[in-house]
Structures are given as C-alpha cells and as structure tokens.
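Read off the chains here:
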Amino acid sequence: MMDSVSSSSATVADKSVKRMQICRAEYRVIGRFVEQLRPTRQCMKTLQTQFPHLPPSTLLSIFSQEYQKRMKRSMARHHAPDVIKEYYQRYRSEAKTRPAAPLLLELANQVDLSPALLARLIVECFLEERQASVGASRHVLNNMLREPYLIPDLLLAKHVEQCTVNDCCYGPLVDCIKHAIGLEHEDLLRDKLRETHLSFLDENQLRAKGYDKTPDIILEVPIAVDGHIVHWIESKASFGDDHSHHTYLNEQFWSYCNRFGPGLVIYWYGFVSELDCQRDRGILLRDGFPLDIVTLCQGPARGRV
C-alpha cells in the first residue's frame with residue numbers, strides 16, 4: 001500500500017507521466033470494478049493490470065475516493081454496539097489460538113471494513129475494558145493509533161500496526177502522506193508560476209492580509225487560458241469525480257468566483273471530462289499546469305514553462 005501512495009508522490013516531479021481525463025462512462029466502469037477490491041497492496045497491482053492506460057496515482061485516487069464512499073454507506077452497521085462487541089470478541093478469541101496470524105487484517109476483509117477503521121474500534125474496546133466505566137480519551141486513542149507501541153498489549157500493538165501499514169485509504173499514516181502530497185503539489189504550482197514570471201499571492205500571504213477563505217493562488221495580474229480569464233488557481237492533488245467536484249463547487253469554488261472572479265482548478269490526477277462544463281460561469285478545469293497562458297502585459301507565455 002505505502003509503495004503505491006509513495007509512488008503518487010514521486011509523480012509530482014515526473015513530467016513524463018500523462019495526467020488523464022476520462023469520461024463518466026469509463027469512470028463508472030472503474031467504480032464497479034473497485035467494488036470488489038480491498039485497500040491492500042495487491043489491489044493497486046490489480047487496478048494497474050486492469051487499467052494500464054491510467055497512471056498509478058490516478059487509479060489510487062479513484063480507488064481511495066470510491067472506497068471512502070463505500071465505508072460511509074456501511075458505517076452505521078459497523079458502529080452498532082453489538083457489532084463492535086462481536087468484532088472485539090472474535091479478535092480476542094482468535095488471538096489466543098493464532099497469535100501470529102494477521103488477525104485484524106483478516107477480520108477487516110471478512111466484514112468489508114477498512115483495516116485502520118477496524119483497528120480504531122478494537123483499540124477503543126480494549127481501552128474501555130481496561131478502564132472499566134471510564135471512556136477512552138480521544139487523545140489517548142489517537143496517540144495509540146499513531147504510535148502502536150504505546151498500546152500496553154504487545155500483540156494488539158502488532159496487529160494495529162499491520163492495519164495502519166496495509167490500509168491505503170484510512171489511518172494516521174495515510175493522512176500524513178496525503179497532506180505531504182497536497183503540499184508538494186502546491187509547491188509545484190508556485191514553481192510553475194514563478195517559471196512563467198507570473199505575479200501572485202499564495203494562501204499564506206492572503207491569510208496574513210486578513211482573508212479567511214481563499215484559493216491557493218490569487219494572480220495579481222489576471223491571465224487567459226483557452227480564451228477564459230483566470231484570477232485565481234486552486235490545486236487539488238486528487239482525481240476530480242462527480243461527488244468530490246460538486247462538494248468543492250458548493251463549499252469553495254462558487255465562493256471564490258463570487259469574491260475574486262473566474263478561476264482555474266487543477267486536478268493533478270485527472271478528472272471526469274464532463275465536469276469541465278462551468279467555463280461560462282467562471283470555473284475552468286485542467287489536469288496539469290496550463291501551457292497556453294496569455295498574459296495581459298506580456299502576451300503568450302507559451303515556452304516559458
């Protein structure tokens with residue numbers, strides 16, 4: 001799993017990797033295929049074999065988003081008190097007879113639950129059992145999931161670590177990697193803007209000026225891309241599917257348009273091509289930094305990227 005996540009980070013600087021736009025029909029085909037997969041190292045190899053024309057980073061992003069939707073749909077069932085108790089009892093029983101087996105990974109696969117999310121439920125039960133009527137502190141729980149060696153049961157600690165390392169969609173390790181990849185792409189965007197000699201303010205500079213909700217970049221001098229004026233740029237280190245894009249539209253993009261004018265959204269790992277339908281309303285989509293920039297002061301900027 002971590003090899004797959006790490007490889008997506010490495011593609012930031014790989015100019016030979018082709019970012020892909022795919023139609024909604026093909027996305028549905030991929031979505032139906034990933035329904036049968038679990039968030040393991042092997043699932044990424046399976047996806048790359050099935051869809052070799054798509055970059056691994058794009059496939060990982062699509063799988064992660066589809067898997068998270070699946071988990072949200074089943075969350076209530078897994079969090080029922082009697083179900084959680086059953087999971088814990090099954091783990092404790094198996095730990096006595098097969099301590100060397102990857103018990104939590106096996107259980108997660110059997111019940112179709114994210115290994116990291118299952119590990120969280122089991123550690124919470126373990127802490128409640130040790131502390132009797134006192135509920136487990138969220139701070140203590142989160143620390144143990146981040147650093148399993150803090151769990152005072154060495155066997156459980158080993159199984160929790162297995163879950164963390166082998167889950168490519170959930171868990172503290174994945175959160176850290178996703179955060180780092182997002183920052184890497186923001187750095188890449190700033191580097192591209194500097195190479196193209198465009199003057200801009202980034203999110204940190206805007207917040208220092210008192211702005212509370214801003215895109216990643218506001219251009220001090222607007223540019224034109226595909227004949228559309230661009231005042232701001234938002235970087236998304238993910239694939240743009242219908243669900244995520246419409247969420248971003250309602251929570252971010254329309255607000256940016258209202259405050260700063262039309263802008264550009266870069267989905268670095270591609271997007272559903274039909275979503276690029278809001279250009280007349282001020283939102284242009286790209287799957288990489290545009291090469292066909294026209295500036296008001298300097299004319300075409302092609303070739304300086």
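Residues numbered from 1 in each chain as written. Predicted model: local features only at pLDDT ≥ 70, side-chain atom pairs only at ≥ 80, totals over all residues. Heavy atoms only, no water.

Regarding its fold elements, the chain presents 12 helices and 9 strands. Taking all 305 residues of the chain together, the buried fraction comes to 52%. For the chain, contacts bridging at least 24 residues in sequence account for 65% of all contacts bridging at least 6. If you sum the accessible surface of the chain, you get close to 14900 Å²; carbon and sulfur atoms cover 52% of it. (Helix = DSSP H or I, 4+ residues; strand = E, 2+ residues; numbered from the N terminus. Buried < 20%, exposed > 50% of the residue type's maximum accessible area, 1.4 Å probe, protein only. Contact = heavy atoms within 4.5 Å. Areas by Shrake-Rupley, 256 points an atom, 1.4 Å probe, with all protein chains shown as cover.)

The buried fraction of strand β3 (residues 217–225) amounts to 7 of the 9 residues, a majority that puts the element mostly inside the structure. Two elements, strand β2 (residues 200–202) and β3, share 3 bridges in a ladder whose sense is antiparallel. Bridge pairing in β3 links Asp202 to Ile217. Where β3 lies against strand β8 (residues 293–295), 3 bridges are found, and the strand directions are antiparallel. Considered in β8, the bridge of Val225 is made with Ile293. (Pairing = 2+ DSSP bridges.)

The final tally for this structure, using the stated rule, is 9 aromatic pairs. With 5.6 Å between their ring centres and 10° between their planes, Tyr27 and Phe239 make a pair best called stacked. You can see Tyr27 sitting in helix α2 (residues 24–34) and its partner Phe239 sitting in the loop between β4 (228–236) and α12 (242–260), a full 212 residues away along the chain. The buried category is assigned to Tyr27, whose relative accessible area is 7%. Relative accessible area serves as the criterion here: at 0%, Phe239 is assigned to the buried category. An angle of 25° between the planes, with centres 5.7 Å apart, marks the rings of Phe63 and Tyr67 as stacked. Taken together, the positions of Phe63 and Tyr67, both in helix α4 (residues 56–78) and 4 residues apart, correspond to about one turn of that helix. A residue is classified by how much of its surface remains accessible, and Phe63, at 0% relative accessible area, is buried. Here Tyr67 falls in the buried class, since its relative accessible area comes to 1%. Here the aromatic residues Trp232, Tyr248, Phe253 and Tyr256 are joined through ring pairs into a cluster of three or more. A cation over an aromatic ring shows up here: Lys236 above the ring of Tyr248, its NZ or CZ 3.9 Å from the ring centre. (Phe/Tyr/Trp six-rings, centres within 6.5 Å; stacked < 30°, edge-to-face > 60°. Lys NZ or Arg CZ within 6 Å of the ring centre and 35° of its normal.)

What follows deals with the packing of helix α5 (residues 81–97) against helix α6 (residues 103–111). Look at α5 against α6: their axes get within 10 Å of each other, and the N-to-C directions meet at 140°. The orientation of α5 relative to α6 falls into the category oblique. Here the hand of the crossing between α5 and α6 comes out right-handed. Contacts between α5 and α6 involve Tyr87, Arg90, Tyr91, Glu94 and Ala95 from the former and Leu103, Leu104, Leu107, Gln110 and Val111 from the latter. (Axes fitted to C-alpha atoms, helices over the stretch in contact; angles between N-to-C directions. Parallel < 35°, antiparallel > 145°, perpendicular 65-115°, else oblique. Left-handed = near helix turned anticlockwise from the far one by under 90°.)

What follows covers the confidence of the model for the chain. If pLDDT is low for a region, its predicted coordinates should not be looked at in detail. Summary statistics for the chain give a mean pLDDT of 88 and a share of 89% for residues scoring 70 or more. In this model, residues 1–17 is a region of pLDDT below 50 whose contacts with residues beyond four sequence positions or in other chains number 34 contacts. (pLDDT = per-residue confidence, 0-100.)

In the structure shown here, the tally under the stated rule is 19 salt bridges. In this structure, the salt-bridge partner of Arg286 is Asp226, at a minimum N-O distance of 3.0 Å. In this pair, Arg286 sits in strand β7 (residues 283–286) while Asp226 sits in the loop between β3 and β4, placing the two residues 60 residues apart along the sequence. Judged by relative accessible area, Asp226 falls into the partly exposed class, the value being 36%. Three or more residues joined by partner-sharing salt bridges are found here, namely Asp226, Asp276, Arg279, Arg286 and Asp292. (Salt bridge = Lys/Arg side-chain N within 4 Å of Asp/Glu carboxyl O.)

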